[in-house]
Amino acid sequence: MKRILLLSLLLISLVFNAQININIGSTTVGTAPVSSFFSYSYVQQIYPKQEVNANAAGNITGLIFYVDPSATLFDSSNWTVYLGHTTKTAFTSGTDWVPASQLTQVFAGTVIKNNNKVEVIFTTPFAYNNTDNLVVAAKENAPSIDINNFDEAFKVYSHLPSSTLYYKGDVMVVDPASPPGGIRADYKSAITISGLTPRTTAACPFVAYPTNNAQFVALSPNIKWFPVSGADSYKVSIGTSSGSTNVINQQVVTGTSFIPSTALNADTNYYLKITAVSGGVESSGCAEVIFKTVPPVPVNDACSGALLASVFPYSYTQNDAVSTTNNAGNIAVCPDAMNDGTWFKLVGDGSQYTIKVTMPAGSTFDPQVDVYSGACTNLACVDSADNGGGGAAETITISTISGTTYYVNVGSYEETTDAPEDVFTIAITKL
């Protein structure tokens with residue numbers, strides 16, 4: 001009898017534990033897994049393997065979604081649900097749907113709200129391989145809508161950018177084989193995945209900032225990550241080589257952000273690892289995030305340190321412009337004021353000179369170029385150029401007076417606010 005009782009308790013325990021809860025305590029609502037505020041909707045959501053955190057491959061037997069207590073679903077209850085595997089971690093555009101051919105229909109019918117939940121029990125289990133990311137797709141087929149206090153009814157939580165793609169409208173039931181263009185969202189449904197058993201350790205957090213291989217990270221970065229279901233704290237480690245913790249060693253943090261108490265070194269590669277802790281057990285196998293800090297303040301940050309162009313054609317690539325300071329503030333010597341950027345100078349010889357500033361491909365930096373004569377403490381405007389937008393080149397041609405020093409400032413175009421500079425190349429050609 002005792003053996004039978006223990007076996008029964010074990011089976012009950014296994015059934016109870018064969019579910020994975022992801023942010024089921026969320027309090028905000030959104031358009032996922034369906035829209036309750038429009039007649040028809042089709043929604044796809046990506047749950048990365050890292051977030052699912054299953055201990056092994058297995059059959060998913062159902063899903064539970066969570067509903068605002070005040071919401072009704074009388075006219076938003078005709079659902080078709082699909083699951084699938086994908087290597088995507090995000091949707092790249094409003095038409096980047098996971099193809100219907102990669103999805104398996106697991107449910108079609110009427111759902112009900114019960115105890116602020118909607119439970120979808122699959123007619124046929126879905127075999128999750130625990131290798132790929134999980135796609136959860138659902139379409140709502142009823143022609144009417146539910147009027148709820150928050151427009152939408154279902155609980156969602158913030159996560160990776162563009163991890164949800166949805167369409168909602170009042171015209172037609174969506175065909176998953178050819179869905180219309182949709183809208184991407186940075187949230188997903190709070191969800192319970194039935195049939196899978198979670199790992200004994202909490203999931204590894206997704207680091208929101210800095211991203212892996214990020215460049216020009218501030219010396220006192222506000223490191224951020226997304227919360228992990230069930231985690232009661234996190235541990236942050238930072239080192240200057242892979243696996244090292246010589247900068248920050250397992251710092252316990254109860255929130256989801258952290259700023260180092262001591263500034264990091266400039267122009268240095270760092271290795272960041274964040275783990276989640278649940279019930280005293282730390283997540284394992286978490287990947288490092290590698291980032292590089294901003295370079296030191298450039299030597300030509302101030303007019304007094306202007307780099308001399310003496311051999312022409314002259315060319316200089318300012319890779320450290322992101323660390324430029326605004327010194328005494330924006331410069332209003334020319335009619336079109338600008339940021340105090342980085343400085344160059346040349347000595348006139350009576351010839352004309354063309355000054356051109358270009359950015360690398362893909363840059364959005366919007367520079368302004370001002371040329372002055374006089375002294376750093378008493379500048380006079382010669383000419384300025386701010387004709388293009390982000391990424392566009394700027395060109396000035398000046399006539400010089402022999403023996404006169406001309407100062408060239410390359411800064412961001414903003415007139416009244418301090419905006420950061422970025423990488424550029426200046427070329428000065430004697431005509």
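Values in this document were obtained by computation on a predicted structure and should not be read as measured data. (Residues numbered from 1 in each chain as written. Predicted model: local features only at pLDDT ≥ 70, side-chain atom pairs only at ≥ 80, totals over all residues. Heavy atoms only, no water.)

Caption draft 1: Spatial organisation of the nonpolar core. By size, the foremost hydrophobic cluster in this structure holds 32 residues, and its most contacted members are Ile60, Leu63, Trp79 and Ile193. Elements that contribute at least two residues to this core include exactly strand S1 (19–22), strand S4 (58–66), strand S5 (78–86), strand S6 (103–110), strand S7 (117–128), strand S8 (133–140), strand S9 (154–158) and strand S13 (191–194). The element contributing the most residues to this core is S7, with five residues. Contacts of isoleucine 60, omitting those with residues within four sequence positions, involve Leu83, Phe122, Pro125, Phe126, Tyr128, Leu134, Ile193, Ser194 and Leu196. One finds Ala309, Ile355, Val410 and Ile428 within the second-largest nonpolar core, a separate group that totals 22 residues. (Core = buried A, V, L, I, M, F, W, Y, C linked by side-chain atoms within 4.5 Å. Buried < 20%, exposed > 50% of the residue type's maximum accessible area, 1.4 Å probe, protein only. Helix = DSSP H or I, 4+ residues; strand = E, 2+ residues; numbered from the N terminus. Contact = heavy atoms within 4.5 Å.)

Caption draft 2: Fine view of the pattern of salt bridges. Overall, the coordinates contain six salt bridges when judged by the stated rule. Note that lysine 168 is salt-bridged to glutamate 152, the shortest N-O span being 3.1 Å. With lysine 168 in strand S10 (residues 164–169) and glutamate 152 in the loop between S8 and S9, this pair connects stretches of sequence that are 16 residues apart. By relative accessible area, which is 25% here, lysine 168 ends up partly exposed. Taking relative accessible area as the criterion, glutamate 152 reaches 6% and is therefore assigned buried. The residue lysine 235 makes a salt bridge to glutamate 282 at a minimum N-O spacing of 3.7 Å. Taken together, the positions of lysine 235 in strand S17 (residues 233–239) and glutamate 282 in strand S21 (residues 281–282) put the pair 47 residues apart, joining distant regions of the chain. (Salt bridge = Lys/Arg side-chain N within 4 Å of Asp/Glu carboxyl O.)

Caption draft 3: Here's a closer look at the sheet that holds strand S24 (residues 314–318). Strand order in the open sheet made by the four strands is S24-S31-S26-S29, with antiparallel pairing throughout. The open sheet has two edge strands, S24 and strand S29 (394–399), and neither has a second partner. Averaged over all pairs of adjacent strands, the angle between their axes in this sheet comes to 15°, without regard to strand direction. Pairing of S24 with strand S31 (residues 424–430), which is carried by five bridges, proceeds in the antiparallel orientation. Within S31, the residue paired with serine 315 across the bridge is alanine 427. (Pairing = 2+ DSSP bridges. Axes fitted to C-alpha atoms, helices over the stretch in contact; angles between N-to-C directions.)

Caption draft 4: Structural view of the state of the cysteines. Following the criterion strictly, the structure yields three disulfides and no others. The disulfide bridge from cysteine 204 ends at cysteine 286, spanning 2.1 Å between sulfur atoms. An S-S torsion of about -90° defines the bridge between cysteine 204 and cysteine 286 as left-handed. Of this pair, cysteine 204 sits in the loop between S13 and strand S14 (207–209) while cysteine 286 sits in the loop between S21 and strand S22 (289–293), and the two are 82 residues apart along the sequence. An identical accessibility class is assigned to cysteine 204 and cysteine 286; each is buried. Here the protein pairs its bonded cysteines, counted in sequence order, in the arrangement 1-2, 3-5, 4-6. (Disulfide = S-S within 2.5 Å.)

Caption draft 5: Structural detail: the sheet that holds S1. Across the sheet, which stays open at both edges, the four strands sit in the order S1-S13-S4-S7 with antiparallel pairing between neighbours. Each edge of the sheet is formed by a strand with only one pairing partner; in this case those strands are S1 and S7. Each strand axis lies, on average, 20° off the axis of its neighbour in the sheet, ignoring direction. In the sheet, S4 pairs with S7 via eight bridges, with the strands oriented antiparallel. For asparagine 59, the partnering residue across the bridge sits in S7 and is alanine 127.

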